[in-house]
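Structure at a glance
As a plain string of letters, each chain reads:
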Amino acid sequence: MKRILASIGAAAVLAASAVALTPASASAASGCWGDAGEKSFNGKTYTARYCHNYQGDVVGFFETDTGYLYAGDNWFVCQVQYGENAPVGDARNNWWLYTQGDDAYSEDGWGWFPANKVSGGNNYEPIPGLAIC
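Attention in this report is confined to the structure presented alongside it. Quantities reported herein were computed from a predicted structural model and do not represent experimental measurements.

**What about the pattern of salt bridges?**
A side chain with one charge can pair with a side chain of the opposite charge if their charged atoms come near. In the structure shown here, the tally under the stated rule is one salt bridge. The closest approach of N and O atoms between K117 and D57, which form a salt bridge, is 3.0 Å. One end of the pair, K117, is in the segment after β10 (110–114); the other, D57, is in strand β4 (residues 57–61), and 60 residues separate them in sequence. Grouping residues by exposure puts K117 and D57 together as buried.

**Focus on the nonpolar core**
Of all hydrophobic cores here, the largest spans 12 residues; its members are C32, C51, V59, L69, F76, W95, L97, F113, A115, V118, I127 and L130. Other than its neighbours up to four places away in sequence, V59 contacts T64, D65, T66, G67, Y68, L69, T99, G101, G109, G111, W112 and F113. Counting residues in each nonpolar core, the second largest holds eight residues, with W96, Y98, W110 and W112 among its members.

**Observations regarding the state of the cysteines**
Applying the stated criterion to the full structure yields two disulfides. With its sulfur 1.9 Å from that of its partner, C32 forms a disulfide with C51. Across the disulfide from C32 to C51, rotation about the S-S bond amounts to roughly 105°, and the bridge is consequently right-handed. Pair noted here: C32 is in the loop between α1 (2–20) and β1 (38–41) and C51 is in strand β3 (residues 49–53), with a separation of 19 residues, a long-range link. For C78, the disulfide goes to C133, at an S-S distance of 1.8 Å. With the S-S dihedral at roughly 95°, the linkage between C78 and C133 falls on the right-handed side.

Quick notes on the rules
- Counting from 1, residues in each chain are numbered in the order their sequence is written.
- In view of the model being predicted, local features appear only for residues whose pLDDT reaches at least 70, and side-chain atom pairs are presented and counted only at 80 or more, with totals across whole chains, interfaces and linings using the full set of residues.
- Values reported for side chains reflect all heavy atoms of the structure, with hydrogen atoms and water molecules removed beforehand.
- Salt bridges are identified by distance alone: a Lys or Arg side-chain nitrogen within 4 Å of an Asp or Glu carboxyl oxygen.
- Numbering goes from the N terminus for both helices and strands, where a helix is a DSSP run of H or I of at least four residues and a strand is a run of E of at least two.
- Burial classes: relative accessible area under 20% of the type maximum marks a residue as buried, over 50% as exposed, and values in between as partly exposed (1.4 Å probe, protein chains only).
- We define a nonpolar core as any set of buried Ala, Val, Leu, Ile, Met, Phe, Trp, Tyr and Cys residues linked to one another through side-chain atoms lying within 4.5 Å.
- Contacts were defined at the residue level, with two residues in contact if any of their heavy atoms lie within 4.5 Å.
- The disulfide criterion is simple: two cysteine sulfur atoms within 2.5 Å.

Shown next, in the form of structure tokens:
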């Protein structure tokens, strides 16, 4: 009986892990929400919004990693269309979200985060509910 319960528990953990790694294209279409406070970028003030990033990743500028953002509900300032994000499953995108990482390597952790790791978006489209920079 203990062996059966352990197997069921292991299966539940694996199923929960699979859900946590689901690409944005398969996630809820709600996008970003709420008011995370006023943040400035490039001389303009934006109302930052909360968005769910289902995977953590580095934030940065071009080839420079400035920090790391953990998976979860995090705030983002705005987004821009630029170069390709690294593919995640079937998720493809060329939009980047500006935020501050949980861990900072330089620039106080400020930088760009790939849109295809954020729930609620579609391939090659901006994340709904977040301002364009």
